[in-house]
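# Tertiary structure, described
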Amino acid sequence: MDVVIITGASKGIGQELYKQFQDAGSLVYGLARTNPNEWDRIEKVDVTNFIEATNVLRTVLNRHKEEAESFTLINNAGVIDPIGLVGALDSLEVERAIHVNLTAPIQLVNTFIETLESYEGTKKVLNISSGAGRTPYEGWSIYCTTKAGLDHFSRVVAEEQRKLRYPTGIVSIAPGIIDTGMQETIRSASNKQFPHLQKFISYKKEGLLSTPEYIASNILRFVQETNFVTADTIADIRHIK
């Protein structure tokens, strides 16, 4: 049995990943603030609540340690706000974005590795990153920074784990530009807040956005077929055949 835990599982890519991993035969758990579809095994928790989120993760891992052949944690939850130039950012939005995009994944990965330290089966962590963590965009200083931090955190974890007897494999993957609610948020910004606005509006008009279904299917295949311990830690789904 393969156990998969996905954050941000109630919408966007997370929702599609939940469905597709479940259809593929995995036992899937989701962490999300809402559960609009009333799916089984969606734990209603905000990932910024460290105690609740890590307790849920630890409980799931301990529940299936004896029979699971593999565990996969997918850190998908993320926010794009605040969008705006530095000097005009809302400090509370900055704090929340850092917590959702970077602090929470770090805390969950830490709990995942700690809880499964002596587990001998396959252990994988997939961090959903972004090309914005590898290329600077005016108006996205916080989003770019948190995704760059997630990439580099993943690099360090990979170095640490490769030395262990029962390592956890970790990959930070950019999924490309996807037609989700996050893109709607981007397009609702002003040119002043986000100088690249017209480019992202054109992506939608010209049909250049990938669907969540398509990206989730590629991520599913990547997780199933890839040895995360030996794979490149920093990946881009668009470059994977």
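Let me begin by describing the structure that accompanies this report. What you see is a predicted model, and the numbers here were worked out from it, not measured in a lab. (Residues numbered from 1 in each chain as written. Predicted model: local features only at pLDDT ≥ 70, side-chain atom pairs only at ≥ 80, totals over all residues. Heavy atoms only, no water.)

Quick look at the overall build of the protein chain now. Looking only at helices and strands, the protein chain has seven helices and seven strands in total. Starting at the N terminus and ending at the C terminus, the protein chain contains elements arranged as β-α-β-β-α-β-α-β-α-β-α-α-α-β. The globule rule puts the C-alpha radius of gyration for 241 residues at 18 Å, and the 17 Å found for the protein chain is close to it. The 241 residues of the protein chain split such that 50% are buried. Taking contacts inside the protein chain between residues at least 6 apart in sequence as the whole, the part at least 24 apart equals 69%. Each charge sign in the protein chain was given a centre, from 25 positive and 29 negative side chains, and these centres are 4 Å apart. (Helix = DSSP H or I, 4+ residues; strand = E, 2+ residues; numbered from the N terminus. Rg over C-alpha atoms; globule rule 2.2 N^0.38 Å. Buried < 20%, exposed > 50% of the residue type's maximum accessible area, 1.4 Å probe, protein only. Contact = heavy atoms within 4.5 Å. Lys, Arg positive; Asp, Glu negative; His and termini not counted. Charge placed at Lys NZ, Arg CZ, Asp CG, Glu CD.)

What is expected of a backbone is that most residues other than glycine have negative phi and most peptide bonds are trans. Geometrically, the link from Asp-81 to Pro-82 is a cis peptide bond, its omega value of 5 degrees lying close to zero. By secondary structure assignment, the location of Pro-82 is in the loop between strand S4 (70–75) and helix H3 (91–115). Unusually for a residue other than glycine, Glu-38 sits at a positive phi of about 55 degrees. Following the sequence through the fold, Glu-38 ends up in the loop between strand S2 (27–32) and strand S3 (42–44). Relative accessible area serves as the criterion here: at 68%, Glu-38 is assigned to the exposed category.

For the coordinates displayed, the defined rule picks out five aromatic pairs. Each ring, one from Tyr-18 and one from Trp-39, has its centre 5.0 Å from the other, and the planes form 15 degrees; the classification is stacked. A residue pair is termed long-range when its members are at least 10 positions apart, and Tyr-18 in helix H1 (residues 12–23) and Trp-39 in the loop between S2 and S3 qualify at 21 residues. With relative accessibility at 0%, the residue Tyr-18 sits in the buried group. Plain terms: the ring middles of Tyr-137 and Trp-140 are 5.2 Å apart, the flat faces sit at 50 degrees to each other, and that makes the pair tilted. A relative accessible area of 22% places Tyr-137 in the partly exposed class. Ring pairing ties together the aromatic residues Tyr-137, Trp-140 and Tyr-143, which thus form one cluster. It is Arg-41 that lies over the ring of Tyr-29; its NZ or CZ is 6.0 Å from the centre. (Phe/Tyr/Trp six-rings, centres within 6.5 Å; stacked < 30°, edge-to-face > 60°. Lys NZ or Arg CZ within 6 Å of the ring centre and 35° of its normal.)

Moving on, we get to the packing of helix H2 (residues 50–64) against H3. At a minimum axis separation of 10 Å, H2 and H3 run at an interaxial angle of 30 degrees. Viewed along their axes, H2 and H3 adopt a mutual orientation that is roughly parallel. Handedness of the crossing formed by H2 with H3: right-handed. Across the interface between the two elements, Phe-50, Ala-53, Thr-54, Leu-57, Arg-58, Leu-61 and Asn-62 from H2 touch Gln-107, Leu-108, Thr-111, Phe-112, Glu-114 and Thr-115 from H3. For the contact of H2 with H3, a count of residues per class yields six nonpolar, five polar and two charged. (Axes fitted to C-alpha atoms, helices over the stretch in contact; angles between N-to-C directions. Parallel < 35°, antiparallel > 145°, perpendicular 65-115°, else oblique. Left-handed = near helix turned anticlockwise from the far one by under 90°. Nonpolar A, V, L, I, M, F, W, Y, C, P; charged D, E, K, R; others polar.)

Turning to H1, a few remarks are in order. Think of an α-helix as turning once every 3.6 residues; residues three or four places apart then point the same way. Along its 12 residues, H1 runs 17 Å from first to last C-alpha, staying within 8% of the 16 Å computed at 1.5 Å per residue. Turning to H1, its buried residues are Ile-13, Gly-14, Glu-16, Leu-17, Tyr-18, Gln-20 and Phe-21. As for H1, its buried residues are in contact with strand S1 (2–7), S2, S3, S4 and helix H7 (212–225). Once H1 finishes, Gly-25 follows within two positions and takes phi at roughly 105 degrees, a positive value. (Expected span 1.5 Å × (residues − 1).)

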